[in-house]
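Examination of the molecular architecture
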Amino acid sequence: TTFPWVVIDPLSALEPLSWQAVARAEGKNRVEDLSFGKGYVIALDYWRQLLDGLSALATEKKIGVILIAHSDVVRYDSPEMEAYDRLQIKLPKRAFQLMSEVCDVIGYAAPRVFLRKDGEGKSARNLGVGSGERLLHLVEKPAFVAKNRYRLPESLPLDWEVFHGALMAAVAPKPAAVPAAKAA
């Protein structure tokens, strides 16, 4: 099954547009001119409008939606252990949380990296070495945010045909189970 797609790249480019819209609507020059971070909270309404519109495209017009974003290293305060750094979508915290709640798939694209020791003893250091292969990670790990609601594989080659094929297979209607015949 093929259908059209709309792609927004990069997603982070929309953030300053939402801030400008908030400032204009509130009669301010900048979103920062609103007290106590109020402007950033109001900006979430613009994100919700965008997501509602994209959802309508998907459900009513059968148009797929892809939002591409850069990543950023952020501190993750785990309730189970000490805080650590990980990669997540480069958006302000509230906008990231909204995207994370609403999006069906969050993939993290990265090259496959191997470590190689350079030197010996105390002067030895790790060097990152890549093969050129790029992966799309679809299941969250401590190092990065990812998710999918379709039981897609943990990782796939970063290739549109491979991802699209896996996604279409995951959302395809499954044949109904045939009841087993009873022995007489």
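Above: the structure in question.
Residues numbered from 1 in each chain as written. Predicted model: local features only at pLDDT ≥ 70, side-chain atom pairs only at ≥ 80, totals over all residues. Heavy atoms only, no water.

**Some thoughts on unusual backbone geometry**
Here the amide bond leading from Asp-9 into Pro-10 is cis, since omega sits at -5°, within 30 degrees of zero. Locating Pro-10 in the fold gives a position in the loop between strand E1 (5-8) and helix H1 (14-25). Non-glycine residue Lys-62 carries a positive phi angle of around 55°. With respect to the helices, strands and loops of the structure, Lys-62 is situated in the loop between helix H2 (38-61) and strand E2 (64-67). Relative accessible area serves as the criterion here: at 53%, Lys-62 is assigned to the exposed category. Unusually for a residue other than glycine, Arg-151 sits at a positive phi of about 60°. (Helix = DSSP H or I, 4+ residues; strand = E, 2+ residues; numbered from the N terminus. Buried < 20%, exposed > 50% of the residue type's maximum accessible area, 1.4 Å probe, protein only.)

**A word on the sheet that holds strand E9 (residues 155-157)**
Across the sheet, three strands lie side by side as E6-E7-E9; this open sheet has antiparallel pairing. The open sheet has two edge strands, strand E6 (108-118) and E9, and neither has a second partner. Averaged over all neighbouring strand pairs, the angle between strand axes comes to 55°, with direction disregarded. (Pairing = 2+ DSSP bridges. Axes fitted to C-alpha atoms, helices over the stretch in contact; angles between N-to-C directions.)

**Remarks on the environment of Phe-144**
Here Phe-144 is to be found in the loop between strand E7 (125-137) and strand E8 (147-148). Since its relative accessible area comes to 9%, Phe-144 is described here as buried. Apart from residues no more than four positions distant in its own chain, Phe-144 is found in contact with Arg-86, Leu-87, Tyr-108, His-137 and Val-139. (Contact = heavy atoms within 4.5 Å.)

**Section: helix H3 (residues 93-102)**
Within the span of H3, buried status applies to Ala-95, Phe-96, Leu-98 and Met-99. The buried residues of H3 occupy an angular sector of 160° when the element is viewed end-on, so they sit on one face. For H3, the exposed residues lying more than 90 degrees away from the buried face are Lys-93 and Glu-101. Of the surrounding elements, those touching the buried residues of H3 are H1, H2, E2, strand E4 (84-89) and strand E5 (105-106). (Arc of directions from axis to C-beta.)

**Focus: the packing of H1 against H2**
Where H1 meets H2, the axes come as close as 9 Å, and the angle between the chain directions of the two elements is 115°. Regarding H1 and H2, the two cross each other, and that crossing is right-handed. Across from Leu-14, Glu-15, Ser-18, Trp-19, Ala-21, Val-22 and Ala-25 in H1, the residues of H2 making contact are Gly-39, Tyr-40, Ile-42, Ala-43, Tyr-46, Trp-47 and Leu-50. Of the residues assigned to the contact of H1 with H2, the class counts are 11 nonpolar, two polar and one charged. (Left-handed = near helix turned anticlockwise from the far one by under 90°. Nonpolar A, V, L, I, M, F, W, Y, C, P; charged D, E, K, R; others polar.)

Geometric descriptors of this kind do not, in isolation, establish any biological role.
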